[in-house]
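Residues per chain, in single letters:
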Amino acid sequence: MSSHTIIVGGGIIGVTTAYYLARAGHRVTLLERNQLHEGASKGNAGIIALGHPPLGRPGLVWKTIKWMLDGGSPLYIPPRVDFGLFAWMWRFRSACTPAHFNHCMNILAQLGWETGECWDKLVADESLDCEYNTGGWLDVFLTREGMDHGLEDARLLNKHDYKTTTLSGDQLRAFQPAFLPEVVGAVHYTDSRFANPRRAVEQIADRAKKHGATLRFQTPVKSFVTSNGVCSGVTLETGEQLHADSVVLAAGVWSDALARQFGVRIPMQAGKGYHLNLTAPDPCPTVSCVLNETFVAVTPMDGGLRLAGTVELSGINHKIYRRRLEMLPEGARKYLHGIDQTIVKSEWCGLRPCTADGLPVIGWAPKLRNLFIAAGHAKYGFAYGPATARIAADHILSNGSAIDIRPFNADRF
């Protein structure tokens, strides 16, 4: 009889880990607290930005202080007494140094190459119909100052062998007529990809089931079953116990509370993001873009256009702050034709699991054997989900992977 693994969390990391394990003949049970693709894996911009810099950057601390009380800023922190947030921000301050930033870049750049290979193979092997596009993404600039900063970012990724192409405003409009005359240029990150996140998660989950995985939704986990420092299963909120040879914790922002039950801390904040799905403007962009100065991501999706972005640290809740949604079309109309003629088809908010130091947690739990943690990817969980899942599956199947996961270990906290 094959070994059994329980996966806690049904986002992109959870379903892809289930897929890899089930395809290898492993017995798998995936448990998701909500329905499939209701979390951050559903609502993100769908940009698979390889080697993208971490959230914390040199100089960002002072900008964060300036933005804290401004509901229209890219990063909004509603004022409140929250000691967990204070501790996170102190760690975040320490991460916004040139030395730590370069440390993260070296690690994430390497993981980016693995990510691209995982996505390409997954889409090809399973014939995924998820609007997968290998045409890269555009960092688009409204000002010369913004473009100067953007070119610095491009040079940073060039050092890690990622390819970029610089486009003038006229070259950009020849490539993408959707952009207004005021736009001064763009950087095209040609190694990256994009996909429809809802379709991708649905179809990977479907392939996992076809390979034999059991997927249970609306099944929240209360705690882990442990004995003598070994994890042997989970207890559901209904009281039901499920036993397994190994457990993968991939529950996004809820991972920290579950991990603390056995003394492991994963200092995370819920980075709430928003999206609006619009009908397609005329003309409509045909590749994913980030509108640099307004921090709005734009992706053609489901026959329309998705506007996504902002980071709001307001705790674990799904309350929609209307001002945050309004920022998306406000930011987009400065760059794109026809935004005011579109119709809103749907709106959404979701919670990104943001660690304080800019790196996810990937590895075996330091205080509990047979529990593998895979969480904390901030804005890049959808992009790096398959690579993280591949790492988790490799460690469960053969206790190792090609990627050195020591920088991601939870004991760094």
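Please refer to the structure higher up on the page.
All of the points below concern the structure found in this document. (Residues numbered from 1 in each chain as written. Predicted model: local features only at pLDDT ≥ 70, side-chain atom pairs only at ≥ 80, totals over all residues. Heavy atoms only, no water.)

Things to note about the sheet that holds strand S13 (residues 246-249)
- The 6 strands are arranged S9-S2-S1-S13-S20-S19 in an open sheet whose pairing can be described as mixed. This sheet does not close on itself; its edge strands, each paired only once, are strand S9 (214-216) and strand S19 (361-364). Each adjacent strand pair in this sheet contributes to an overall mean axis angle of 15°, direction not counted.
- Contacts from helix H1 (residues 12-23) reach strand S1 (4-8), strand S2 (27-31), S13 and strand S20 (371-375) within the one sheet, and its direction differs from that of S2 by about 170°. (Pairing = 2+ DSSP bridges. Helix = DSSP H or I, 4+ residues; strand = E, 2+ residues; numbered from the N terminus. Axes fitted to C-alpha atoms, helices over the stretch in contact; angles between N-to-C directions. Contact = heavy atoms within 4.5 Å.)

So, the packing of H1 against helix H11 (residues 381-398)
- Where H1 contacts H11, the axes come no closer than 8 Å and their chain directions differ by 40°. Overall, the two elements H1 and H11 adopt an arrangement that is oblique. When the axes of H1 and H11 are compared, the crossing they make is right-handed. In this structure, H1 uses Ile12, Ile13, Thr16, Thr17, Tyr20, Leu21 and Arg23 to contact H11, whose residues at the interface are Gly381, Phe382, Gly385, Pro386, Thr388, Ala389, Arg390, Ala392, Ala393, Ile396 and Leu397.
- Of the residues in the contact of H1 with H11, the class split is 11 nonpolar, 5 polar and 2 charged. (Parallel < 35°, antiparallel > 145°, perpendicular 65-115°, else oblique. Left-handed = near helix turned anticlockwise from the far one by under 90°. Nonpolar A, V, L, I, M, F, W, Y, C, P; charged D, E, K, R; others polar.)

What about a nonpolar patch on the surface?
- A cluster of nonpolar side chains, namely Val81, Phe83 and Phe86, defines an oily patch on the protein surface of about 370 Å² accessible area.
- By secondary structure assignment, the location of Phe86 is in helix H4 (residues 83-95). (Patch = residues over 30% accessible without salt bridge, like charges linked within 9 Å, V, L, I, M, F, W, Y side chains within 5 Å. Areas by Shrake-Rupley, 256 points an atom, 1.4 Å probe, with all protein chains shown as cover. Salt bridge = Lys/Arg side-chain N within 4 Å of Asp/Glu carboxyl O.)

Let's talk about the sheet that holds strand S11 (residues 230-236)
- As summarised here, the arrangement of the 3 strands in space is S10-S11-S12, forming an open sheet in which the pairing is antiparallel. The open sheet has two edge strands with one neighbour each: strand S10 (221-227) and strand S12 (241-243). When the angles between neighbouring strand axes are averaged without regard to direction, this sheet yields 30°.
- Sheet topology places S11 next to S12; 3 bridges connect them, and they run antiparallel. Across the sheet, Thr235 pairs through a bridge with Gln241, a residue of S12.

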